[in-house]
Protein chains: 2
Amino acid sequence: MKVTKFGGSSLADAKQLKKVLSIIQADPERRFIIVSAPGKRNKEDIKVTDLLIEYAEKFLASQDTSMIEATIIERYTEISEALNLSTALPEIRAYISNLKHTKHTTKPRVMDLFKSSGENCHAMLIAEFLSSQGSPAVYIHPKEAGILVEDMPGDALIKKEAYDTIRQLRHLDKIAVIPGFFGITDEGEICTFSRGGSDVTGSIIAAGVKASLYENFTDVDAIYAANPNLIPNCQAITELTFREMRELSYSGFSVLHDEALIPAFHANIPVVIKNTNNPEAPGTKISSTRSHSNQTVIGIAGDSGFTSIYLSKYLMNRELGFGFKILKVLKQFNLQYDHMPSGIDDITIILRKEQLTEELEAELIVKLQEELALDEIKVKHDISMIAIVGEGMRNSIGVASRATAALATHKINLEMINQGASEVSILFAIDENQEDEAVKALYQAFFN
Amino acid sequence: MKVTKFGGSSLADAKQLKKVLSIIQADPERRFIIVSAPGKRNKEDIKVTDLLIEYAEKFLASQDTSMIEATIIERYTEISEALNLSTALPEIRAYISNLKHTKHTTKPRVMDLFKSSGENCHAMLIAEFLSSQGSPAVYIHPKEAGILVEDMPGDALIKKEAYDTIRQLRHLDKIAVIPGFFGITDEGEICTFSRGGSDVTGSIIAAGVKASLYENFTDVDAIYAANPNLIPNCQAITELTFREMRELSYSGFSVLHDEALIPAFHANIPVVIKNTNNPEAPGTKISSTRSHSNQTVIGIAGDSGFTSIYLSKYLMNRELGFGFKILKVLKQFNLQYDHMPSGIDDITIILRKEQLTEELEAELIVKLQEELALDEIKVKHDISMIAIVGEGMRNSIGVASRATAALATHKINLEMINQGASEVSILFAIDENQEDEAVKALYQAFFN
């Protein structure tokens, strides 16, 4: 059995829902359907989730909510009518209207309750739609499904014991339609997942029911070897390992949020990314190992927004606990570093710029100087990280050589090279304004 | 004024002392002579310091010391007679004989007292020799010179306030001959320096008297761009910065111990390495900046004896304080790491093998696994670190590319590449049995 998740754009209107129907009916193994809230129908459109956030904000500000309620209900009404449905709509209407009568008053709780109703209502509608089209389906609320989470509004974490309950869903004789994006606390409260939204729910259900495959339908044909906006006719990736996917999404690949894959990864369930608008395309499969191991490098990713802090001190290397002291300071400042490459007597801290305000940076410099008695400290902004990714690099000589040659030919200066023992990736730090050129040069070197 | 230090082989016998005399007399700026104990006269010979260690061990074991005493005294007698000296010898004889009447009984104290007397006695002899040859010289004991150290036998550390006393030596009207290798505690006890021995004394005196140059005479013409035993006709390095010297000596260059240079480095005193047996050769100059900046890479060094521990965990990168936890474990085990390159979700700890026994390694693995809940942990032994060093790399594109191409051509697999923001060096971790080949390949790439 397969768990099949559809993103917001795949469920935006009646036309899209018909595509979803035929995808579900094309494979009887598709027994668990995870749904998002209706997404944008066109570029100017507003997602239902964003409408619900507006509704929540108006409610919290004790403003009139009648207009925004009507707008939300109208989205469902339109879909319901276009598909000749009737049962779910009254329930949806009541659910949306009743939100404002909640007993909750704190913002996080109110937000989670309102936000999650986009998925919840759509699941009711889609279950009715499937049943009406000869595919008996049942709407299952996360409470009933057993998606039990820790009580952290906006940042829910699945509880280990949840998987045993979810496993019982295997015995359903109908298609289960489950709203994505949220779970239920021990006290029965709604808590949303922080990142990856409905993708997390799909991953949890797939792990729970021990699915043979977790299908993730979105609006792209595949994950590409590099940013397709940058590289015309960029190669699609047919197979990826979880680790490769993770390394790519670290540096700018945003098709699927990597945290969403953890449950699937731990349960060793393969994941496939497919396109609702082109279901015939093979998509990209993500699993623990891949068969196409003849290809050394599978992708090139770039991400900007890094800052480097260079620290040097004669004989630093001999000082026991030097790195420890640095990390202690970073911890005090609540900063997360990404890399810390070291020379003999120097260490460079590479971290995401967004964590540092100008004041915080100045304080940090003073503190580091104070604690470590450095000979030199230098900050550099506007750095991009480029990752060359591929499990095949492990046993291949010359990848670093090809990559550095390509970058040197294009006069790209390397602030940092970082290749650890894993050899699943090589990372380069470069100047932000050379990022696009670097990605192009590396794509040329490995894919043309 | 210059501080001039001579190593043990430069002072091994009368013939060598005559070379030293002409070196000193060739330049009136050579006012501070730092001496080692007499070294080996030929390959089979025994250094006086080693004889003194034997003497100390016999004394500690309450064994008869008459034979070893005689052997030691004989070394000085031989030199004294060959140079027609008479004053110092009776003092030396008494000094050596009296060692066994020390009140000290603990091994570290006894060792330091005995070991240091090789330098001490030789300084007396050499002061007499210089004076007898028309270069008025005076023997100055470290107590008198003001080399005040913390009380750590075998691991003495100079006290900051010592430099003010040492500065007074500038006013001497004779050449000062100072024994290297040891200082004096507040209680008047002898404490030896741990590493670099007499080189440390020379560096301290140079910093104290604010010398224009610290000359270090040894038995090689220069520091070479790579191991000359490996590379026939290897290029000599004429100028080096302190940082380059440090990076080279990290990975196997052992002409001068890098810790010995700290006082000179901090006082910004240039250092020159010269050959007593070929004083005309220009030697290698080490200072804060170098003029020959047209050369990008100045040296290639390799050192074996490293172990790598590879840790991986899906989404490790998102866990705040992950690196901190690792360093905490290393600290608990009292281990010092050299590098810790990181991928997205993996970190490799590179450390010197000698720190780990088999049991300790097994315990460490268990502890890391326990603390970090890793997906994978892998240990690799017999790793060499190769460093390509040069300040010029900072502004030069393509060094990494040339280096990795050379290594790839020779089928050398890279366990790790590490280039930080400093760009004074690029480090490669490779298999130990490919070290020589790697150094040769890189020498070819950058020097031929």
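Please read these numbers as outputs of a predicted model, since none were measured by experiment. (Residues numbered from 1 in each chain as written. Chains lettered and ligands numbered in written order. Predicted model: local features only at pLDDT ≥ 70, side-chain atom pairs only at ≥ 80, totals over all residues. Heavy atoms only, no water.)

(A) Representation of the packing of helix H2 (residues 48-60) of chain B against helix H5 (residues 107-132) of chain B. Residues and elements named next belong to chain B. Direction vectors running N to C along H2 and H5 enclose 145 degrees, while the axes themselves pass 8 Å from each other. When you trace H2 past H5, the crossing you get is right-handed. From H2, Val-48, Thr-49, Leu-52, Ile-53, Tyr-55, Ala-56, Glu-57, Phe-59 and Leu-60 reach across to H5, where they touch Lys-107, Val-110, Met-111, Phe-114, Lys-115, Ser-117, Gly-118 and Glu-119. Across the contact of H2 with H5, the residue classes tally to 10 nonpolar, 3 polar and 4 charged. (Axes fitted to C-alpha atoms, helices over the stretch in contact; angles between N-to-C directions. Helix = DSSP H or I, 4+ residues; strand = E, 2+ residues; numbered from the N terminus. Left-handed = near helix turned anticlockwise from the far one by under 90°. Contact = heavy atoms within 4.5 Å. Nonpolar A, V, L, I, M, F, W, Y, C, P; charged D, E, K, R; others polar.)

(B) Region of interest: the pairing of strand S12 (residues 284-287) of chain B. Where strand S10 (residues 239-241) of chain B and S12(B) come together, 3 bridges link them in parallel fashion. Of the residues in S12(B), the one forming a bridge with B:Thr241 is B:Ser287. (Pairing = 2+ DSSP bridges.)

(C) Layout of the confidence of the model for chain A. For chain A, per-residue confidence averages 92 on the pLDDT scale, and 96% of positions sit at 70 or higher. Across the interface, the model reports ipTM at 0.76; the global pTM reads 0.81. (pLDDT = per-residue confidence, 0-100.)

(D) Here's a closer look at the interface of chain B and chain A. Tallying the contact residues gives 66 residues for chain B and 66 residues for chain A. Scanning the region where chain B abuts chain A turns up 4 salt bridges. A salt bridge links B:Asp345 to A:Arg246; its shortest N-O distance comes to 2.5 Å. For the side of chain B that touches chain A, the elements supplying multiple residues, two or more each, are helix H9 (242-250), helix H10 (262-266), helix H11 (322-332), strand S14 (337-339), strand S15 (346-352), strand S16 (376-389), helix H13 (399-409) and strand S17 (416-419) of chain B. The residue inventory of the side of chain B that touches chain A, partitioned by class, reads 27 nonpolar, 19 polar and 20 charged. (Salt bridge = Lys/Arg side-chain N within 4 Å of Asp/Glu carboxyl O.)

(E) Quick look at helix H12 (residues 358-372) of chain B. Residues and elements named next belong to chain B. When the terminal C-alpha atoms of H12 are compared, their 21 Å separation across 15 residues agrees well with the 21 Å that a helix rising 1.5 Å per residue should span. Of the positions making up H12, those classed as buried are Glu-361, Leu-364, Ile-365, Leu-368 and Leu-372. Buried residues of H12, seen end-on, are gathered within an arc of 100 degrees and therefore sit on one face of the element. Opposite the packed face of H12, turned more than 90 degrees from it, sit the exposed residues Glu-359, Val-366 and Glu-370. Here the buried face of H12 lies against strand S13 (299-312), H11, S15 and S16. (Expected span 1.5 Å × (residues − 1). Buried < 20%, exposed > 50% of the residue type's maximum accessible area, 1.4 Å probe, protein only. Arc of directions from axis to C-beta.)

(F) Representation of the sheet that holds strand S17 (residues 416-419) of chain A within the structure. If you walk across this open sheet you meet the 12 strands as S14(A)-S15(A)-S13(A)-S16(A)-S18(A)-S17(A)-S17(B)-S18(B)-S16(B)-S13(B)-S15(B)-S14(B), and the pairing is antiparallel. The open sheet has two free edges, formed respectively by strand S14 (337-339) of chain A together with S14 of chain B, since each of these has just one partner strand. Strand-to-strand twist in this sheet, taken as the mean axis angle between neighbours without regard to direction, amounts to 35 degrees. Both S13(B) and S16(B) contribute to a ladder of 11 bridges, which runs antiparallel. Each bridged residue has a counterpart across the sheet, and for B:Leu311 the counterpart in S16(B) is B:Ile377. Most of the contacts of H12(B) go to S16(B), to which it runs at about 105 degrees, and overall it touches S13, S15 and S16 of chain B.

(G) Representation of the UniProt feature "binding site: ATP" (unreviewed entry) in chain A in the model. Residue and element names in this part refer to chain A. This chain's UniProt record puts "binding site: ATP" (unreviewed entry) on Lys-5, Phe-6, Gly-7, Gly-8, Thr-218, Asp-219 and Tyr-224. Residue placement: Lys-5 occurs in strand S1 (residues 2-6). Apart from the residues lying within four places of it in its own chain, the contact partners of Lys-5 are Ile-34, Ser-36, Ser-198, Asp-199, Tyr-214, Glu-215, Asn-216 and Phe-217. Within the structure, Lys-5 has its side chain in polar contact with the side chain of Asp-199 (distance 2.8 Å). Tracing the sequence through the fold places Tyr-224 in strand S8 (residues 223-224). (UniProt positions renumbered as here; feature names shortened; annotations may be inferred. Polar contact = N/O pair within 3.5 Å; in protein donor to acceptor, adjacent residues only side chain to side chain.)

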